[in-house]
Amino acid sequence: MTINTLSQDGVQRQQMPCLTKMERMIISMQDPDMGIKLRNQRLLITVIPHAMTGLDIVEWLIKKCSISDEEALHVGQLFVKYGYIYPLKEPRNLILKADDSSYRFQTPYYWMSTRWPASELDYAIYLAKKNIRKQGELIEYEKECYNALHKRINHTWDFVVMQAREQLRASKQRRKGDRIVLECQEQAYWLVNRPPVSPEHYKLTTLTKNTIAMLTPWCSLKYIGVSNLNGSYVKYCEQYQPHDPIMQGCLPSNPWITDDIMFWNMNSETYMFIVALPTKLRVERWSFSFMELLNDQMGRKEFLTYLEKEFSAENLCFWQACEDVRHGETAKIPEKVDEVYKQFLAPGASRWVNIDSKTMEKTLEGLKRPHRFVLDDAQMHIYFLMKKDSYPRYLKSELYKNLLARAIVPQETKKSVFPFMRRQRHSSPSPALATQTAEDDGKAKYSNSNSGTASRL
Amino acid sequence: MCDQTFLAITFGPCDNCSQNKPLMNIYLKNEPINYCSLCVELMACQGLAKGETTNTLKAESESLKAKLEEERAKLHDVELHQVAEKIDALGQFVMKTRRTLKGHGNKVLCMDWCRDKRRIVSSSQDGKVIVWDAYTTNKEHAVTMPCTWVMACAYAPSGCAVACGGLDNKCSVYPLSLDKNENLAAKKKSVAMHTNYLSSCSFTNSDMQILTSSGDGTCALWDVESGQLLQSFHGHSADVLSLDLAPSETGNTFVSGGCDKKANVWDMRSGQNVQSFETHESDINNVKYYPSGDAFATGSDDATCRLYDLRADREVAIYSKDSIIFGASSVDFSLSGRLLFAGYNDYTINVWDVLKGTRVAILFGHENRVSTVRVSPDGTAFCSGSWDNTLRVSAYLRSSGESELRNILYNTV
């Protein structure tokens, strides 16, 4: 939903698609066979036709949509709030009660989609009618509106009063039952569309601004479609389920439920908490994908240790330096690229990385005019080299297997001895403080994670 | 994983100006050509080439779309919920609100989690942006923006800054100072400038770059230090309401959704629109990637949420129900991607089983529209912000007899 009411072609946009849906449901509610059973209701001495009880509405919704009564009441409430159903006994109280209180369907003439926004002129006529019919029938806020309108559209006031009189005369000629029904409908409409100003009601803002549209030739690229890739979703969900606290809980416990932050302390990423031993789940997760290993600071450190043993640590360092170029300050790019060249790419460099000649040639050519993505090809080459070669070997290595064996499985938090005492919720040092101190130590300002979405950590 | 299976030359000499630049692959009269983004813009702005009119261009674009639909239909993919028939159904989930954050004086419009898994930043209609430690419910920082309707806010990956914007058409970055006496507004840095309201913003992998989407129909990538525009993304024909960065290895793409009912996937380097999906019947309010990066979910005003797969290039699931009439304003996945949390304009939050397509829970509690729903970075809880001025952090309570008691006790928030 947006504040712009005009679409790109200057056509009025459909403001609330939910209204169409609601109306469809209202129509099916009134279906003679499958809809709600309507009967006559007695209101004081008059008989109102085609009415139903609140309970009827809720029961119909439960059956039609297969939902619980709480939800059915909630949905039914929306119909009353938007004026599609109105209560007979307490018209000002626009709520749905799941008992024998009477309700009626609003006539389509007064539906929100057909008569929105409500016209000031119509409202003035309505109030004038009420005033003429019985002095003192206007309640407080209606009196205020009446006076305000009288001032604002004074030039049409004669017309307003004339219309009011005409409509009253026409209504007197109707049968009493019809008259009461029409009055109820009209009253319900105005209660929805001109309610007393209260903090509960939110008003739809209508700002008209023109949107600037740009038409670009639409690109189409042919894809190699993968059929039955839906199996991959199942696999992914199953693999990650033990790691999903909402699905399977977490050990020792979910901090939000038990107020015990042990879970966070044990899995901490910040350098302030030097974690001795990681949890088993954490170490297992490194085996899911290369990205998982690199995203975890501890995993990355372990991997670096392994690479050092294999004398290929420069690969990871190169990759990290490239990340720094890609995501760092624009102003520092030339000097960073230069550093990378000196350390990793120059012939005879101290930490020379092994990339194929074509990529090397292209990269060196690009270095003449360094920009953010100049190292991308080389970085990708090294990344896939590590992924296809070093990473699988790391997972089979003694280093990894030892860590996995030593990794801990936390005990579930014991229930508090005094169950009626709530644990103290301790505050934690702000990450701003942590990195400020890091800055003082000359470390990089941004976190070393690769992932773009926070939910991956 | 998100292997990029399509072939595209993304960097090289431009066919027009011969300079080595990031390229856009476009079709001119059915011929594929590679232009740099500058040449494409010049061509688009200069109007139409000889023999072309807006009608012929539109007709060409329509026929391309139709051709692609044909290709997609040929693949005959099995529906996601059919493949998921074999796995166990989930029981009913009982979610309980664990924290209620009160302090905003008006509608909460947006929120974001910090990577430390407990802090959040939230913004509201009255211009206030507040940083909370949601765990203790303490407010740590507060900024008053010079405009109302702050529709976008984001936490920096380092936790040292927040970005926000709204009706001021700008995105500003505030470094979070720990000095209580310091006025945060003094250190404000204006980064992004659009020609219409800012609908969404997100930091990329570092504090140095911000991606924004706007009511002017464009998305843009900015350098924070200099405020320089690094790349702009044109292709939506109406307001862009939301964006999300892909959690892929190469970290180069993002998805955006807008009022033109389209969800577009973009390449950040070239500015090119690489994929487009148009099956919703109304505005797309929110887009979020599936944790693996192979798919994304959208929430829309047509009261449905849909899942689109990037490799098969089509919609693979719809999450809808007869009783859900109002639009979905915000969506997010649980850590494993099995659950989809969606906040709706009828004040409820529905939780969907992503694989089976069924709803597993409905949460009441908010007294007005739910405007934003985000799962915490480690998946332990989710936070929902609403037009009732509050934020609620909820978690799944594994119900058994004894934990019900614990629930009553811990519920004194």
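Residues numbered from 1 in each chain as written. Chains lettered and ligands numbered in written order. Predicted model: local features only at pLDDT ≥ 70, side-chain atom pairs only at ≥ 80, totals over all residues. Heavy atoms only, no water.

Moving on to the overall build of chain A. Scanning chain A from N- to C-terminus turns up 20 helices and 4 strands. Among the 457 residues that make up chain A, the fraction classed as buried is 47%. Long-range contacts, defined here as pairs at least 24 residues apart, represent 61% of the contacts in chain A between residues at least 6 apart. Element-wise, carbon and sulfur atoms account for 56% of the exposed surface of chain A, whose accessible area totals about 24600 Å². (Helix = DSSP H or I, 4+ residues; strand = E, 2+ residues; numbered from the N terminus. Buried < 20%, exposed > 50% of the residue type's maximum accessible area, 1.4 Å probe, protein only. Contact = heavy atoms within 4.5 Å. Areas by Shrake-Rupley, 256 points an atom, 1.4 Å probe, with all protein chains shown as cover.)

So, on to the overall build of chain B. Along the backbone of chain B there are 4 helices and 31 strands. Entry remark: accessible area of chain B is about 13900 Å², with carbon and sulfur atoms responsible for 49%.

All names here are of chain A. Look at helix α2 (residues 54-65) against helix α3 (residues 69-81): their axes get within 9 Å of each other, and the N-to-C directions meet at 115°. Handedness of the crossing formed by α2 with α3: right-handed. Counted together, Val58, Leu61 and Ile62 of α2 and Asp69, Ala72, Leu73, Val75, Gly76 and Phe79 of α3 form the full contact between these two elements. Of the residues in the contact of α2 with α3, the class split is 7 nonpolar, 1 polar and 1 charged. (Axes fitted to C-alpha atoms, helices over the stretch in contact; angles between N-to-C directions. Left-handed = near helix turned anticlockwise from the far one by under 90°. Nonpolar A, V, L, I, M, F, W, Y, C, P; charged D, E, K, R; others polar.)

A word on the pattern of salt bridges. When the charged atoms of two side chains with opposite charge come close together, those side chains can pair. Throughout the structure, instances matching the rule amount to 34 salt bridges over all chains. For Arg133 of chain A, the salt bridge goes to Glu183 of chain A, with nearest N and O atoms at 3.6 Å. Residue Arg133 of chain A is found in helix α4 (residues 120-133), and its partner Glu183 of chain A is found in helix α7 (residues 176-193); the two are separated by 50 residues along the sequence. Judged by its relative accessible area of 29%, Glu183 of chain A falls in the partly exposed class. Measuring nitrogen to oxygen at the nearest pair gives 3.1 Å for the salt bridge that ties Glu315 of chain B to Arg306 of chain B. (Salt bridge = Lys/Arg side-chain N within 4 Å of Asp/Glu carboxyl O.)

Before going further, it helps to examine the sheet that holds strand β10 (residues 161-165) of chain B. All names here are of chain B. The sheet built from 4 strands is open, its strands ordered β9-β10-β11-β12 with antiparallel pairing. With partners counted over all chains shown, the strands left at the sheet margins are β9 (152-155) and β12 (189-193), one partner each. With direction set aside, neighbouring strand axes in the sheet form an average angle of 20°. Here β9 pairs with β10 via 4 bridges, running antiparallel. Residue pairing in the sheet places Ala154 in a bridge with Ala163 of β10. (Pairing = 2+ DSSP bridges.)

Let us now look at the pairing of strand β15 (residues 218-223) of chain B. All names here are of chain B. Among the 6 residues in β15, 6 count as buried, and that is most of the element. Residues Thr218, Ala220 and Trp222 line one face of β15 and the alternating positions Cys219, Leu221 and Asp223 line the opposite face, and both faces are buried. Pairing of strand β14 (residues 209-214) with β15 involves 5 bridges; the strand directions are antiparallel. By the bridge assignment, Gln209 is partnered in β15 with Asp223. Between the antiparallel neighbours β14 and β15 lie 3 residues, among them Gly217 with a positive phi of about 90°. Relative to strand β16 (residues 229-234), β15 runs antiparallel, the two sharing 5 bridges. When the sheet's bridge partners are listed, Ala220 is paired in β16 with Ser232.

Residue and element names in this part refer to chain A. For chain A, per-residue confidence averages 79 on the pLDDT scale, and residues scoring 70 or more make up 80% of the total. Between residues 198-227, whose pLDDT stays under 50, and residues either more than four places distant or in other chains, the model counts 63 contacts. Low confidence marks residues 438-457, where pLDDT is under 50. Its contacts with residues over four positions away, or in another chain, come to 55 contacts. (pLDDT = per-residue confidence, 0-100.)

Let's shift gears to the sheet that holds strand β13 (residues 198-203) of chain B. Residues and elements named next belong to chain B. With antiparallel pairing, 4 strands are arranged side by side in an open sheet as β13-β14-β15-β16. The sheet is open, and its two borders are formed by β13 and β16, each paired with just one other strand. Within this sheet the neighbouring strands show an average axis-to-axis angle of 15°, counted without direction. Pairing geometry for β13 and β14, over 5 bridges, is antiparallel. Paired with Cys201 across the two strands is Thr212, which belongs to β14.

Next up on the list: the UniProt feature "domain: RGS" (unreviewed entry) in chain A. With numbering matched to this structure, UniProt assigns "domain: RGS" (unreviewed entry) to residues 289-404 of chain A. Counted over residues 289-404 of chain A, helix gives 74% and strand 0%. Its end C-alpha atoms are 16 Å apart. (UniProt positions renumbered as here; feature names shortened; annotations may be inferred.)

A separate point is the nonpolar core. All names here are of chain A. Among the nonpolar cores identified, the biggest contains 39 residues, and Phe303, Phe318 and Leu345 are the most heavily contacted of them. Elements represented by at least two residues in this core include exactly α13 (290-295), α14 (297-310), α15 (313-327), α16 (333-345), α18 (376-396) and α19 (398-406). If you tally residues by element for this core, the top one is α15, at 8 residues. Judged by nonpolar contacts, the second largest core, of 32 residues, contains Leu19, Met52, Leu78 and Tyr84. (Core = buried A, V, L, I, M, F, W, Y, C linked by side-chain atoms within 4.5 Å.)

For the rest of this paragraph, the subject is the side chain of Asn254 of chain A. Considering the arrangement of structural elements, one finds Asn254 of chain A in the loop between α9 (245-248) and α10 (255-258). Residues within four places of Asn254 of chain A in sequence aside, it is in contact with Asp259 of chain A together with Thr380 and Ala395 of chain B.

Moving on, we come to the packing of aromatic side chains. Summed over all chains, the structure comprises 37 aromatic pairs over all chains. A centroid spacing of 5.7 Å and a plane angle of 20° characterise the contact between Tyr126 of chain A and Trp190 of chain A, whose relative ring orientation is stacked. Of this pair, Tyr126 of chain A sits in helix α4 while Trp190 of chain A sits in helix α7; the two residues are 64 residues apart in sequence, bridging distant segments of the chain. The same class applies to Tyr126 of chain A and to Trp190 of chain A, which are both buried. Ring-pair connections join several aromatic residues into one group, and the members of that group are Phe290, Phe303, Tyr306, Trp319, Tyr383, Phe384, Tyr391, Tyr394 and Tyr400 of chain A. We note Arg99 of chain B situated over the ring of Tyr135 of chain B; from NZ or CZ to the ring centre the distance is 5.1 Å. Seen from the ring of Trp387 of chain B, Lys107 of chain B lies directly overhead, with NZ or CZ sitting 5.2 Å from the centre. (Phe/Tyr/Trp six-rings, centres within 6.5 Å; stacked < 30°, edge-to-face > 60°. Lys NZ or Arg CZ within 6 Å of the ring centre and 35° of its normal.)

Our next topic: the environment of Tyr341 of chain A. As for its placement among the helices and strands, Tyr341 of chain A is situated in helix α16. Sequence-wise, Tyr341 of chain A and Leu121 of chain A are 220 residues apart; in three dimensions their C-alpha atoms are separated by 76 Å.

Moving on, we come to α3 of chain A. A rise of 1.5 Å per residue sets the reference length of α3 of chain A, with its 13 residues, at 18 Å; its end C-alpha atoms lie 18 Å apart and thus fit the reference within 8%. Of the surrounding elements, those touching the buried residues of α3 of chain A are α1 (17-29), α2, β3 (85-87), β4 (102-105) and α7 of chain A together with β28 (359-363) of chain B. Following α3 of chain A by one or two positions, Gly83 of chain A adopts a phi angle in the positive range, close to 85°. (Expected span 1.5 Å × (residues − 1).)

Residues and elements named next belong to chain B. Taken from the UniProt record, the annotation "repeat: WD" (unreviewed entry) applies to residues 101-142, 191-232, 233-276, 277-318, 330-362 and 363-393. Each end of residues 233-276 is marked by a C-alpha atom, and these two atoms are 13 Å apart; helix forms 0% of the span and strand 52%. Overall, residues 363-393 shows 0% helix and 52% strand. The separation of its end C-alpha atoms is 12 Å.

This part takes up the state of the cysteines. Residue and element names in this part refer to chain B. Going through the model one piece at a time under the given rule, you end up with 0 disulfides over all chains. Not part of a disulfide, Cys110 finds its nearest cysteine sulfur in Cys153, a span of 3.7 Å. Accessibility expressed as a relative area gives 13% for Cys110, which makes it buried. (Disulfide = S-S within 2.5 Å.)

Take the environment of Asn345 of chain B next. Summarising the element assignment, Asn345 of chain B is placed in the loop between β26 (339-344) and β27 (349-353). Every residue in contact with Asn345 of chain B, bar those within four places of it in the chain, is listed here: Asp301, Phe326, Gly327, Ser329, Arg369 and Val370 of chain B.

Further remarks concern the packing of α4 of chain A against α7 of chain A. All names here are of chain A. Contact pair α4 / α7: the axes reach a minimum separation of 12 Å and the direction vectors enclose 130°. Relative to α7, the element α4 lies oblique. Read as a crossing pair, α4 and α7 show a hand that is left-handed. For the pair formed by α4 and α7, the contact residues are Asp122, Tyr123, Tyr126, Lys129 and Arg133 on the first element and Glu183, Glu186, Gln187 and Trp190 on the second. (Parallel < 35°, antiparallel > 145°, perpendicular 65-115°, else oblique.)

On to the side chain of Ser384 of chain B, then. Residues and elements named next belong to chain B. Mapped onto the elements, Ser384 comes out in strand β30 (residues 382-386). On the basis of relative accessible area, Ser384 is assigned to the buried category, the value being 1%. At 2.9 Å, the side chain of Ser384 and the side chain of His366 are in polar contact. The contact partners of Ser384, leaving out residues within four places of it in the chain, are Ile349, His366, Val370, Thr372, Val373, Thr390, Leu391 and Arg392. (Polar contact = N/O pair within 3.5 Å; in protein donor to acceptor, adjacent residues only side chain to side chain.)

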